[in-house]
Amino acid sequence: MHIVSLAGGIGGARFLRGLRATAPDAQITVIGNTGDDITLFGLRVCPDLDTVMYTLGHGIDEEQGWGRAKESHVVKEELAAYGVEPQWFGLGDRDFATHIVRSQMLEAGYPLSQITRALCVRWQPGVRLLPMSDDRCETHVVISDEQGRRAIHFQEWWVRLRASVPAESIALVGADTARPAPGVLEAIEEADVVILPPSNPVVSIGTILQVPGIRDALLPKTVVGVSPIVGGAPVRGMADACLTAIGVETTAQAVLDLYGADLIDGWLVAPEDDGVALDGVRVPARPIIMHDVDAATDIARTALDLAQELSR
């Protein structure tokens, strides 16, 4: 069985760990969000790709869900002592090594997809991890504050401001000319089922769907999604701020409507959201909070079973 999954950061990575456990013999291809990517201290940082790689490769800081386990921050402290900005984005010493290798390979002319494959040789995540595109795409947010109306990188809005300043709009810069990374469209074409984890529907899954060709390739496939909203609140993070920015309510129903019945065949919601409905979409209500690896495995199994049933 060939499974394709679109994934963002922490929620997507933890769901994928459950999916890998429930389908150990399947070929799983993960298409990762690169809209969060940013250049810091002269290094290219790919937060979502690295979170998936570290989580599935047993190197993640389990408590915070991102960054390396047993991390130290000597380099960060030394950069701060020099007054080097930005100081609001913390990279650990172990994590720096990944970004140095990536940046050196980019400078040598290697595309991000080949670099990601090379990095995964060390981590052995048990899935094929592909960036959504080799082309540079970055999510930017328009805000208005004491400095006036301006566009800032998504990471500054998300990490430094904690989404406390309302976003007037969110845009994926570079999307118009981006192409899916090598292997992305082929993986979708070969997929028996496609699973959307409970990742952010605007700046994770939504970003991937903006790359020309990806959404169209998914339309004829059996696609099952897990709602990132439970009882009117995000399962994790600040997805509500992103949904508000695009004029969408923070409900499981609204996110399903956002994706659309042309894309989604099955939509797994929490018992609190029983009653969500959309013509042509199967919407079972099951526990979907990933308390631990076992819970993530149970949720992934439910989503996969639904996808297989709908694909028959």
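Refer to the structure above for everything that follows.
What you see is a predicted model, and the numbers here were worked out from it, not measured in a lab.

(A) Here's a closer look at the overall build of the protein. Along its length, the protein carries 12 helices and 13 strands. Projected onto the principal axes, the alpha-carbon positions of the protein cover approximately 60 × 45 × 40 Å. Residue burial in the protein is summarised as follows: out of 312 residues, 56% are buried. Across the protein, every contact between residues at least 6 apart in sequence was considered, and the portion connecting residues at least 24 apart equals 69%.

(B) Layout of the state of the cysteines. All told, the structure shown has zero disulfides when counted by the stated rule. Cys137 takes part in no disulfide bond, and the closest cysteine sulfur to it belongs to Cys46, at a distance of 12 Å. When its relative accessible area of 1% is taken as the criterion, Cys137 is described as buried.

(C) Summary view of the pattern of salt bridges. In the structure shown here, the tally under the stated rule is 11 salt bridges. Arg102 is the partner of Asp50 in a salt bridge, and the nearest nitrogen-oxygen pair spans 2.5 Å. Here Asp50 is found in helix 2 (residues 47–56), whereas its partner Arg102 is found in helix 4 (residues 93–107), with 52 residues between them in sequence. The exposure classification of Asp50 matches that of Arg102, with both residues buried. The residue Asp135 makes a salt bridge to Arg179 at a minimum N-O spacing of 3.7 Å. Of this pair, Asp135 sits in the loop between strand 5 (128–131) and strand 6 (138–145) while Arg179 sits in the loop between strand 8 (169–173) and helix 7 (184–190), and the two are 44 residues apart along the sequence.

(D) A look at helix 1 (residues 10–22). The terminal C-alpha atoms of helix 1 lie 19 Å apart, and with 13 residues this matches the ideal 18 Å at 1.5 Å per residue to within 8%. Here helix 1 lies mainly inside the structure; 10 of its 13 residues are buried. For helix 1, the complete set of buried residues consists of Ile10, Gly11, Gly12, Ala13, Phe15, Leu16, Arg17, Gly18, Leu19 and Thr22. On its buried face, helix 1 is in contact with strand 1 (2–7), strand 2 (27–32), helix 2, strand 9 (193–196), strand 10 (223–226) and helix 12 (293–311).

Rules and cut-offs
- Residues numbered from 1 in each chain as written.
- Predicted model: local features only at pLDDT ≥ 70, side-chain atom pairs only at ≥ 80, totals over all residues.
- Heavy atoms only, no water.
- Helix = DSSP H or I, 4+ residues; strand = E, 2+ residues; numbered from the N terminus.
- Buried < 20%, exposed > 50% of the residue type's maximum accessible area, 1.4 Å probe, protein only.
- Contact = heavy atoms within 4.5 Å.
- Disulfide = S-S within 2.5 Å.
- Salt bridge = Lys/Arg side-chain N within 4 Å of Asp/Glu carboxyl O.
- Expected span 1.5 Å × (residues − 1).

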